[in-house]
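One letter stands for each residue in the lines below.
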Amino acid sequence: MSKPRAASMESAAEAAPPAAGAAELTLRTAAQSGSPLKFSPGDPQHPGLCAEVAGALVQADPQLHLTGLDRLVPLRRLELMLATDDLDIFFCMLPSERRREMMRFLPIPLYRVRHVLLVRAGTPTPRSWTALRAFARRKPILLVQGSQLAVSLQQADVNHVEAARSEVDAVHMLLRGRADAVYGQDLALRHAVRLAGIDEATVEFGPFAFEEQPQLVAVSRRLPEPVVERLTERLRQLQTSGELARIVDRYR
């Protein structure tokens, strides 16, 4: 269970003193729709892991201002907005070769995600890519629309469908029998199970992690280098102080 956002902001401010002589800086950002683990702008007590990271960064650098965190945008649209310089920065995106051509990624990992399967209780779960391919021949593996994780399944030749609007929607589709397994990020799926309000005994997480990846901060390629360096340094300070880890722990 996460703690109120205020506690995170106070500890972030204590962790990293204001940057001396830093110029006023306003950056355009947005929140990702369909991912309540990352962004829940309607919940002041639990605004989302990535929203809290954004807030911690602002607290660590009081001359930095972010606009747009109250605007929910689909993931595919966020990619395009970064590529066309309609956004300056976005918090929590998985890197990929395709995305690196569209945007830059700051080198400080915000948190790591494990790619896992969520199934109905009692369903045997595959523990290798070979077993997952065989499992998916009976019924496609379900993913959230626009998920970068689809690339992993495509490369592994695993039958899948991007049919869920969100992780919560995917959980409900699984329980209705629309799919036999959901492939997703462990933290996001666990959070979705809690938000769905279902008995956690009705579902199970497979013990095998098919991949692990870092969630990073993405920025426009047109962002000036001094700004990129400033953001990277403040994130590094939040990492060193343990503030990033404290935020993540509140959402486990």
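Quick caveat: nothing in here was measured; it's all calculated off a predicted structure.

With respect to the layout of surface pockets
At step 1: Taken as a whole, the largest pocket spans an internal volume of roughly 400 Å³.
At step 2: Looking at the largest pocket, it is lined by 28 residues, and the ones nearest its centre are Q32, L75, V144, Q145 and S147.
At step 3: The biggest single contributor to the lining of the largest pocket is strand β10 (residues 182–185), with four residues.
At step 4: The residue makeup of the lining of the largest pocket, split by class, is twelve nonpolar, eleven polar and five charged.

Concerning the state of the cysteines
At step 1: Applying the stated criterion to the full structure yields one disulfide.
At step 2: Two residues share a disulfide in this structure: C50 and C92, whose sulfurs sit 2.0 Å from each other. Residues C50 and C92 are joined by a disulfide whose S-S torsion is about -115°; by sign, that bridge is left-handed. Here C50, found in helix α2 (residues 49–60), pairs with C92, found in strand β5 (residues 89–93); they are 42 residues apart in sequence, far enough to count as distant. Accessibility classification places C50 together with C92 in one group, the buried group.

Here we look at the environment of P226
At step 1: Summarising the element assignment, P226 is placed in helix α9 (residues 225–241).
At step 2: Overall, the relative accessible area of 59% leaves P226 in the exposed class.

Overview of the side chain of R230
At step 1: Here R230 lies in helix α9.
At step 2: The exposure class of R230 is buried, given its relative accessible area of 18%.
At step 3: Dropping the residues within four chain positions of it, R230 is found in contact with A22, A23, L25, D61, Q63 and L64.

Re the pattern of salt bridges
At step 1: This structure, assessed with the given rule, holds 17 salt bridges.
At step 2: Note that E233 and R236 form a salt bridge whose closest N and O atoms lie 3.3 Å from each other. In this pair, E233 and R236 are both assigned in helix α9, three residues apart and thus about one turn of the helix distant.
At step 3: Overall, R236 belongs to the partly exposed group, its relative accessible area being 35%.
At step 4: Salt bridges linked by common partners bring R28, D85, D88 and R222 together as one network.

Criteria and cut-off values
Residues numbered from 1 in each chain as written. Predicted model: local features only at pLDDT ≥ 70, side-chain atom pairs only at ≥ 80, totals over all residues. Heavy atoms only, no water. 1 Å grid on protein atoms, 1.4 Å probe; cavity = no way out; pocket = protein on both sides within 12 Å on 5 of 7 lines; lining within 4 Å. Points joined across faces, edges and corners; volume = space filled by probe spheres on them. Helix = DSSP H or I, 4+ residues; strand = E, 2+ residues; numbered from the N terminus. Nonpolar A, V, L, I, M, F, W, Y, C, P; charged D, E, K, R; others polar. Disulfide = S-S within 2.5 Å. Buried < 20%, exposed > 50% of the residue type's maximum accessible area, 1.4 Å probe, protein only. Contact = heavy atoms within 4.5 Å. Salt bridge = Lys/Arg side-chain N within 4 Å of Asp/Glu carboxyl O.

Geometry only, nothing functional implied.
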